[in-house]
Amino acid sequence: MRLLLKTELDKKFDGSSLMDFPGFRLRAYYKGQEILNFSKGKVYDFYDLASLTKIIFTTTYFMDAVAKKKLKLFQPVQDFLPWYPHSIVRVCDLLNHSAGHAWWQPFYKKIDLSLSADQRYQVLESLVLKVPRSRSLKATYSDIDFFLLGSLMQVLENRPLSMIWHEVKEKYFARTNLHFNPLNAKPLFPKFSYAPTEKCRWRKKILQAEVHDENAWALGGVAPHAGLFGSIDDLSDYGLWLRELQMSSKANQLIPATIANKFSRRSIPARRGDWGYGFMLPARENSSAGHLFSKKSFGHTGFTGVSLWFDPQRDLVVCLISNRIHPSRKQQGFVKLRPLLHDWIVQFIEGQT
């Protein structure tokens with residue numbers, strides 16, 4: 001199956017006009033077994049995982065925290081952050097983006113880069129307070145939700161995000177090379193092994209081994225919404241770990257399947273949005289997972305050109321990693337290609353079974 005699928009994909013790219021970006025790596029697992037390890041174009045060892053940080057770091061932390069009864073999903077945010085002014089907003093509302101916050105703000109323009117990482121986050125919190133909250137019931141995908149979750153994490157653990165990540169990694173992802181590059185300084189691995197992203201007008205350079213997201217960069221490279229780097233092997237390990245959480249009945253799991261399932265299934269009506277807790281669900285139209293993944297699927301995407309989707313109905317994990325915004329975000333071939341890749345994999349599996 002593995003060789004046949006690779007051959008089929010090679011045929012799809014003969015004369016293709018979809019590759020207007022440098023390259024990508026693609027990995028797929030069916031029933032826990034690798035069925036595809038495919039790459040095209042210029043590829044690298046490590047990539048900016050962008051918003052996959054939201055699920056790998058922050059959502060993992062909150063699954064663990066709920067399992068340990070450090071908090072409840074329906075608790076008010078004010079129970080932990082007394083300075084937060086909206087008593088109606090609960091932890092779950094931040095995780096499924098129904099809190100009413102704006103999707104993004106250019107906070108990086110107002111953060112003093114001479115401050116320590118802790119001080120920068122305090123400035124961020126003061127800026128978040130000034131952002132008006134909407135009363136709309138429709139979910140708005142928002143980095144601001146995850147900034148607040150980052151504040152909550154630091155209150156619960158009484159330590160900075162960098163230390164919290166170290167504990168999460170050691171507990172769940174110790175075998176991987178998933179990492180932040182703190183203070184955007186010397187990277188963990190040689191710079192040439194990282195995929196470059198966009199040429200940034202603000203930073204006046206092509207970014208390589210430094211997080212692309214401006215707000216994460218201004219916070220010092222370690223953030224709850226972006227900043228992680230990793231390889232296709234790392235992302236695959238994470239995807240298989242998610243699969244194990246969903247599929248295993250082991251009673252001694254640190255995160256029980258009941259909690260993992262609660263986070264990954266629909267948490268709000270479809271008319272309000274397509275979200276579990278932290279995890280995206282396939283959109284009714286133009287899903288990044290294509291047209292064929294089941295409604296029970298969940299995953300996430302990242303702006304730099306990365307995604308992970310798991311379909312528990314088919315028992316299919318698909319990991320995709322690229323630097324589609326190099327040298328610019330203007331090219332759109334990747335947006336068209338990503339759903340096709342997922343459709344092609346599902347079509348192949350259905351043709352073999």
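Residues numbered from 1 in each chain as written. Predicted model: local features only at pLDDT ≥ 70, side-chain atom pairs only at ≥ 80, totals over all residues. Heavy atoms only, no water.

### What to know about the overall build of the protein chain
And then number 1: When you go through the protein chain residue by residue, the secondary structure sums to 10 helices and 9 strands.
And then number 2: Computed over its C-alpha atoms, the radius of gyration of the protein chain comes to 20 Å, within 12% of the 20 Å expected for a compact globule of 353 residues.
And then number 3: Expressed as lengths along the three principal axes of its C-alpha atoms, the size of the protein chain is roughly 55 × 50 × 40 Å.
And then number 4: Expressed as a percentage of its 353 residues, the buried residues of the protein chain come to 58%.
And then number 5: At a minimum sequence separation of 6, the contacts of the protein chain that also span at least 24 residues come to 65%.
And then number 6: About 15700 Å² of surface is accessible on the protein chain, with carbon and sulfur atoms providing 52% of the total.
And then number 7: Charged side chains of the protein chain number 49 positive and 32 negative; the gap between the two group centres comes to 3 Å. (Helix = DSSP H or I, 4+ residues; strand = E, 2+ residues; numbered from the N terminus. Rg over C-alpha atoms; globule rule 2.2 N^0.38 Å. Buried < 20%, exposed > 50% of the residue type's maximum accessible area, 1.4 Å probe, protein only. Contact = heavy atoms within 4.5 Å. Areas by Shrake-Rupley, 256 points an atom, 1.4 Å probe, with all protein chains shown as cover. Lys, Arg positive; Asp, Glu negative; His and termini not counted. Charge placed at Lys NZ, Arg CZ, Asp CG, Glu CD.)

### Some thoughts on unusual backbone geometry
And then number 1: For the bond running from His326 to Pro327, omega is 0°, close enough to zero to count as cis.
And then number 2: Even without glycine at this site, Ala50 takes up a positive phi of about 50°.
And then number 3: Looking at where Ala50 falls in the secondary structure, it is placed in the loop between strand S3 (47–48) and helix H2 (52–67).
And then number 4: For Asn286, which is not glycine, the phi torsion reads 60° and is therefore positive.

### A word on the environment of Glu244
And then number 1: Relative to the helices and strands, Glu244 is located in helix H8 (residues 232–247).
And then number 2: Separated by 212 residues in sequence, Glu244 and Gly32 place their C-alpha atoms 8.9 Å apart.

### What to know about the sheet that holds strand S9 (residues 316–322)
Strand pairing in a sheet relies on backbone hydrogen bonds. The paired strands run either parallel or antiparallel.
And then number 1: A sheet is described by the order of its strands in space; here 5 strands give the open sequence S2-S1-S9-S8-S7, paired in antiparallel fashion. Edge positions in the sheet fall to strand S2 (33–41) and strand S7 (298–302), since each of these pairs with one other strand and no more. The mean angle between the axes of side-by-side strands here comes to 5°, regardless of whether they run parallel or antiparallel.
And then number 2: In the sheet, strand S1 (residues 23–30) pairs with S9 via 7 bridges, with the strands oriented antiparallel. (Pairing = 2+ DSSP bridges. Axes fitted to C-alpha atoms, helices over the stretch in contact; angles between N-to-C directions.)

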